[in-house]
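What follows is the residue order along each chain.
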Amino acid sequence: AMLRFSISNTLLKVASDKFDLAKSLLPFALPLFAGIVVFVLAAFYLAHIGQLKISRELGLLLGGVVVCSFVGVAMFWTSLKEGKIAEVTAVLSLSTIVVALISSHFLSVEFSLKEIAAMILAVASILLFVI
């Protein structure tokens, strides 16, 4: 999976350097938006008639995942257009540290000193790489 994502990110960087991705993908925007609207309406309809039983909390969590993912992808594309792929990917790899911090706060996950030291070294290595 890591190898495939690395190749994918590199190809996306090549595409963003050679083409204006926003302009190239614009013809797909309306059909994509229509597909999303139809999916959401179908989900609401199925929930309304009782065929789809999703709790309110799960619905909010899934909505948050979708919104954060779309914003994240848009920001990633913008970063690729402006920066070097290795640096962008290195900064993106900090998501592991952010997930650890969030999970320690909201999910009460505890980390050993060894794990904390590894996170600090990871951040330091990325800072040295990017700066």
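Quantities reported herein were computed from a predicted structural model and do not represent experimental measurements.

Caption draft 1: Region of interest: the layout of surface pockets. Here the largest pocket is characterised by a volume of approximately 720 Å³. What lines the largest pocket is a set of 20 residues, among which Phe5, Val73, Phe76, Leu92 and Ser95 lie closest to the centre. When residues of the lining of the largest pocket are traced back to their parent elements, those giving at least two are α1 (2-18), α3 (56-82), α4 (85-92) and α5 (95-106). Of the residues forming the lining of the largest pocket, the biggest block, nine residues, is contributed by α3. Broken down by class, the residue content of the lining of the largest pocket amounts to 10 nonpolar, 10 polar and no charged. One number sums up the size of the second largest pocket: a volume of about 550 Å³. Lining of the second largest pocket is provided by 16 residues; of these, Val40, Ala43, Phe44, Gly59 and Leu62 occupy positions nearest its centre. Ranked by residue count, the leading element in the lining of the second largest pocket is α3, at seven residues. The residue makeup of the lining of the second largest pocket, split by class, is 12 nonpolar, three polar and one charged.

Caption draft 2: Up close: a nonpolar patch on the surface. A cluster of nonpolar side chains, contributed by Leu32, Ile36, Phe39, Val40, Phe44, Val66 and Phe70, occupies part of the molecular surface with about 710 Å² of accessible area. With five residues, helix α2 (residues 21-48) is the largest single contributor of residues to the nonpolar patch.

Caption draft 3: Spotlight on the packing of α1 against α3. One way to put it is that α1 packs onto α3 with a least axis distance of 9 Å and a crossing angle of 65 degrees. Here α1 lies roughly perpendicular to α3, going by the angle between them. For α1 against α3, the interelement crossing comes out right-handed. Contacts from Asn9, Leu12, Lys13, Ser16 and Asp17 of α1 reach α3 at Phe76, Trp77, Leu80 and Lys81. Counted by class, the contact of α1 with α3 contains four nonpolar, two polar and three charged residues.

Caption draft 4: Region of interest: the packing of α3 against α4. The geometry of α3 relative to α4 is characterised by a closest axis approach of 8 Å and an angle of 145 degrees between their N-to-C directions. Both α3 and α4 take part in a crossing whose hand is right-handed. Listed contacts from α4 to Phe76, Ser79 and Leu80 of α3 are Ile85, Val88 and Leu92. A breakdown of the residues in the contact of α3 with α4 according to their chemical character gives five nonpolar, one polar and no charged.

Caption draft 5: Region of interest: the confidence of the model for the protein. The predicted model of the protein averages 85 in pLDDT, with 100% of residues at 70 or higher. For the protein, per-element mean pLDDT is lowest for α1, which scores 81, and highest for helix α6 (residues 113-130), which scores 88.

Caption draft 6: Fine view of unusual backbone geometry. One non-glycine residue, Ser108, adopts positive backbone phi at about 60 degrees. You can call Ser108 exposed: its relative accessible area is 58%.

Caption draft 7: Spatial organisation of α2. Taking 1.5 Å of rise per residue, 28 residues should cover 40 Å, and α2 covers 38 Å from first to last C-alpha, within 8% of that figure. When the local axis directions of α2 are compared, the greatest deviation, roughly 50 degrees, occurs at Pro27. With respect to burial, α2 is a largely exposed element, only one of its 28 residues being buried. Phi turns positive, to about 90 degrees, at Gly50, one or two residues after α2.

What counts and how
- Residues numbered from 1 in each chain as written.
- Predicted model: local features only at pLDDT ≥ 70, side-chain atom pairs only at ≥ 80, totals over all residues.
- Heavy atoms only, no water.
- 1 Å grid on protein atoms, 1.4 Å probe; cavity = no way out; pocket = protein on both sides within 12 Å on 5 of 7 lines; lining within 4 Å.
- Points joined across faces, edges and corners; volume = space filled by probe spheres on them.
- Helix = DSSP H or I, 4+ residues; strand = E, 2+ residues; numbered from the N terminus.
- Nonpolar A, V, L, I, M, F, W, Y, C, P; charged D, E, K, R; others polar.
- Patch = residues over 30% accessible without salt bridge, like charges linked within 9 Å, V, L, I, M, F, W, Y side chains within 5 Å.
- Areas by Shrake-Rupley, 256 points an atom, 1.4 Å probe, with all protein chains shown as cover.
- Salt bridge = Lys/Arg side-chain N within 4 Å of Asp/Glu carboxyl O.
- Axes fitted to C-alpha atoms, helices over the stretch in contact; angles between N-to-C directions.
- Parallel < 35°, antiparallel > 145°, perpendicular 65-115°, else oblique.
- Left-handed = near helix turned anticlockwise from the far one by under 90°.
- Contact = heavy atoms within 4.5 Å.
- pLDDT = per-residue confidence, 0-100.
- Buried < 20%, exposed > 50% of the residue type's maximum accessible area, 1.4 Å probe, protein only.
- Expected span 1.5 Å × (residues − 1).
- Bend = angle between axes of the 7 residues up to and from the residue.

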